[in-house]
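Each chain, written out:
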Amino acid sequence: MKTVQTIKSHGGQVRVIEHDSETLGVPMQFAAYLPPQAEKGPVPCLWYLSGLTCTWANVMEKGEITRAAAGHGFAIVAPDTSPRGEGVPDDEGYDLGQGAGFYLTATQAPWSKHYRMDSYITDELQTLVTDSFPVAEARQGIFGHSMGGHGALTLHLKNPDLYKTCSAFAPISAPSQCPWGEKAFTAYLGSDRARWADYDAAILVGRQPSQAHILIDQGTDDQFLAEQLLHGIFEDAARTAGQAYTLRRQPGYDHSYYFISTFMDDHVRHHRQELFA
Ligand SMILES: N[C@@H](CCC(=O)N[C@@H](CSC=O)C(=O)NCC(=O)O)C(=O)O
């Protein structure tokens, strides 16, 4: 593991780390933000999962996440969105392949050799982060945007003891039923839709609701809202399952980092309230 960049922000440090991932079989980069409070001892930690086409950099540079993290005393880990590099399969579209790992374990060739973003994050990166940084293992939460919102919801619902809290900005909420999800799941998991259920938040919440109170923000002018995000399907399933959640429809906001940065502080505060309740 090698620190390739250290950047001071709001009294703390963004560290960009490169390491050889055993799970993915390629070198990977991620960013970790350590707030000033981490100089005195372990701090709670939030995992931020990004959307299609992103790396760790989008949220660190445009999400106003370091200000919120320093304000509330959180470490942040921002992984990449897929394996990358020569020899890693890719697609012409921005919504499959490199930059579009969908936080799952692919079972279909040629993707299955490298695309295992869920276990990369929950196992390999988890161990690396807790071994290397002063984070309080018992106080971790997860959040994300769009494809990363899908990742946050599914990884939380499947690992509620690891990620005790969860929130999302404009998540892909029912991926089995939208074009982005149908394309990715067909390629990565095959055409048998029964195998998709394990990665669909609207299905998972019906099967295994968590004890957390999930916060979701959704802009009403989001260009992907009607076709891709389908928050109503998740909302119906959550209500039926008794999952505690708040879905805020934010008038006039789109899908961009202008929207995310506007509500970033609310999300970090939400995690703090839940983790320290
Ligand atoms: N056509 C766009 C599509 C990519 C895009 O909008 N990506 C979003 C996430 S969408 C769902 O996961 C994003 O976060 N982009 C990065 C950013 O900094 O805004 C394109 O190819 O640009």
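Heads up: the structure comes first, above all this text.
Residues numbered from 1 in each chain as written. Predicted model: local features only at pLDDT ≥ 70, side-chain atom pairs only at ≥ 80, totals over all residues. Heavy atoms only, no water.

**Student:** Sorry, what's going on with the site of the ligand here?
**Tutor:** Taken together, 14 residues form the shell around the ligand, and within it Leu52, Asn58, Lys62, Ser146 and Met147 come nearest. Contact distances for the ligand include 2.9 Å between an oxygen atom and a side-chain N or O atom of asparagine 58. Serine 146 is positioned with one of its side-chain polar atoms (N or O) 2.8 Å from an oxygen atom of the ligand. In isolation the ligand exposes 540 Å². Once the protein is present, 71% of that is buried. The cavity where the ligand resides is the largest pocket. Classifying every residue of the shell around the ligand gives seven nonpolar, six polar and one charged. (Near = heavy atom within 4 Å. Polar contact = N/O pair within 3.5 Å; in protein donor to acceptor, adjacent residues only side chain to side chain. Areas by Shrake-Rupley, 256 points an atom, 1.4 Å probe, with all protein chains shown as cover. 1 Å grid on protein atoms, 1.4 Å probe; cavity = no way out; pocket = protein on both sides within 12 Å on 5 of 7 lines; lining within 4 Å. Sits in = over half its atoms within 2 Å of the grid points. Nonpolar A, V, L, I, M, F, W, Y, C, P; charged D, E, K, R; others polar.)

**Student:** Would you explain helix α5 (residues 179–189) in this entry?
**Tutor:** The periodicity of an α-helix, 3.6 residues per turn, causes residues three or four places apart in sequence to face the same way. Burial in α5 covers these residues: Trp180, Gly181, Ala184, Phe185, Ala187, Tyr188 and Leu189. End-on, the buried residues of α5 take up no more than an arc of 165°, which puts them together on one face. Looking at the buried side of α5, the elements it contacts are α4 (147–158) and α7 (225–229). (Buried < 20%, exposed > 50% of the residue type's maximum accessible area, 1.4 Å probe, protein only. Helix = DSSP H or I, 4+ residues; strand = E, 2+ residues; numbered from the N terminus. Arc of directions from axis to C-beta. Contact = heavy atoms within 4.5 Å.)

**Student:** Can you walk me through the packing of aromatic side chains in this structure?
**Tutor:** Geometrically, a pair of aromatic rings is defined through the distance of the ring centres and the angle of the planes. Taken as a whole and assessed by the stated rule, the structure comprises 15 aromatic pairs. Ring pairs connect the aromatic residues Tyr48, Phe143, Phe169, Tyr253, Phe259 and Phe263, which therefore count as one cluster. The ring of phenylalanine 276 carries arginine 272 above its face, with NZ or CZ at 4.2 Å from the centroid. (Phe/Tyr/Trp six-rings, centres within 6.5 Å; stacked < 30°, edge-to-face > 60°. Lys NZ or Arg CZ within 6 Å of the ring centre and 35° of its normal.)

**Student:** What am I meant to see in the pattern of salt bridges here?
**Tutor:** Scanning the entire structure with this criterion turns up 14 salt bridges. Here aspartate 91 and lysine 183 are joined by a salt bridge, their closest N and O atoms 3.4 Å apart. A residue pair is termed long-range when its members are at least 10 positions apart, and aspartate 91 in the loop between β5 (75–78) and α3 (117–132) and lysine 183 in helix α5 qualify at 92 residues. Overall, the relative accessible area of 33% leaves lysine 183 in the partly exposed class. Salt-bridge contacts for aspartate 217 lead to arginine 248; the nearest nitrogen and oxygen are separated by 2.7 Å. Placement of the pair is aspartate 217 in strand β8 (residues 214–219) and arginine 248 in strand β9 (residues 245–250), with a sequence separation of 31 residues. A residue is classified by how much of its surface remains accessible, and aspartate 217, at 0% relative accessible area, is buried. Each of Asp217, Arg248, Asp265, Asp266 and Arg269 takes part in salt bridges that share partners, so that together they form one network. (Salt bridge = Lys/Arg side-chain N within 4 Å of Asp/Glu carboxyl O.)

**Student:** Explain the nonpolar core to me, please; I cannot follow it from the model alone.
**Tutor:** Soluble globular proteins: nonpolar side chains tend toward being buried together. Ranked by size, the top nonpolar core spans 93 residues in total, and within it Phe30, Tyr48, Met60, Phe102, Tyr188 and Met264 carry the most contacts. The residues touching methionine 264, leaving out its near neighbours within four places in the chain, are Tyr48, Val59, Gly63, Glu64, Ile65, Ala68, Phe143 and Phe169. (Core = buried A, V, L, I, M, F, W, Y, C linked by side-chain atoms within 4.5 Å.)

**Student:** Help me understand empty space enclosed by the protein, please; the structure alone is not making it clear to me.
**Tutor:** Empty pockets left among the atoms are what a rolling probe the size of a water molecule brings to light. The final tally for this structure, using the stated rule, is one cavity of 30 Å³ or more. In this structure, the largest cavity encloses a volume near 30 Å³. Contributing to the lining of the largest cavity are Ser173, Ile216, His231, Phe234, Glu235, Tyr245 and Leu247. Elements that contribute at least two residues to the lining of the largest cavity include exactly α8 (231–241) and β9. (Points joined across faces, edges and corners; volume = space filled by probe spheres on them.)

**Student:** I keep staring at the environment of leucine 275 and nothing clicks. Help me out?
**Tutor:** Among the secondary structure elements, leucine 275 is positioned in helix α9 (residues 257–275). Residue classification places leucine 275 among the buried residues on the basis of a relative accessible area of 9%. It is 10 Å that separates the C-alpha atoms of leucine 275 and cysteine 166, two residues lying 109 residues apart in sequence. When residues no more than four places from it in sequence are discounted, the contact partners of leucine 275 are Pro44, Phe74, Arg139, Gln140, Gly141, Lys164 and Thr165.

**Student:** What am I meant to see in the environment of histidine 255 here?
**Tutor:** Along the chain, histidine 255 turns up in the loop between β9 and α9. By relative accessible area, histidine 255 is classed as buried at 8%. Counting along the chain gives 31 residues from histidine 255 to phenylalanine 224, while the straight-line C-alpha distance between them is 7.3 Å.

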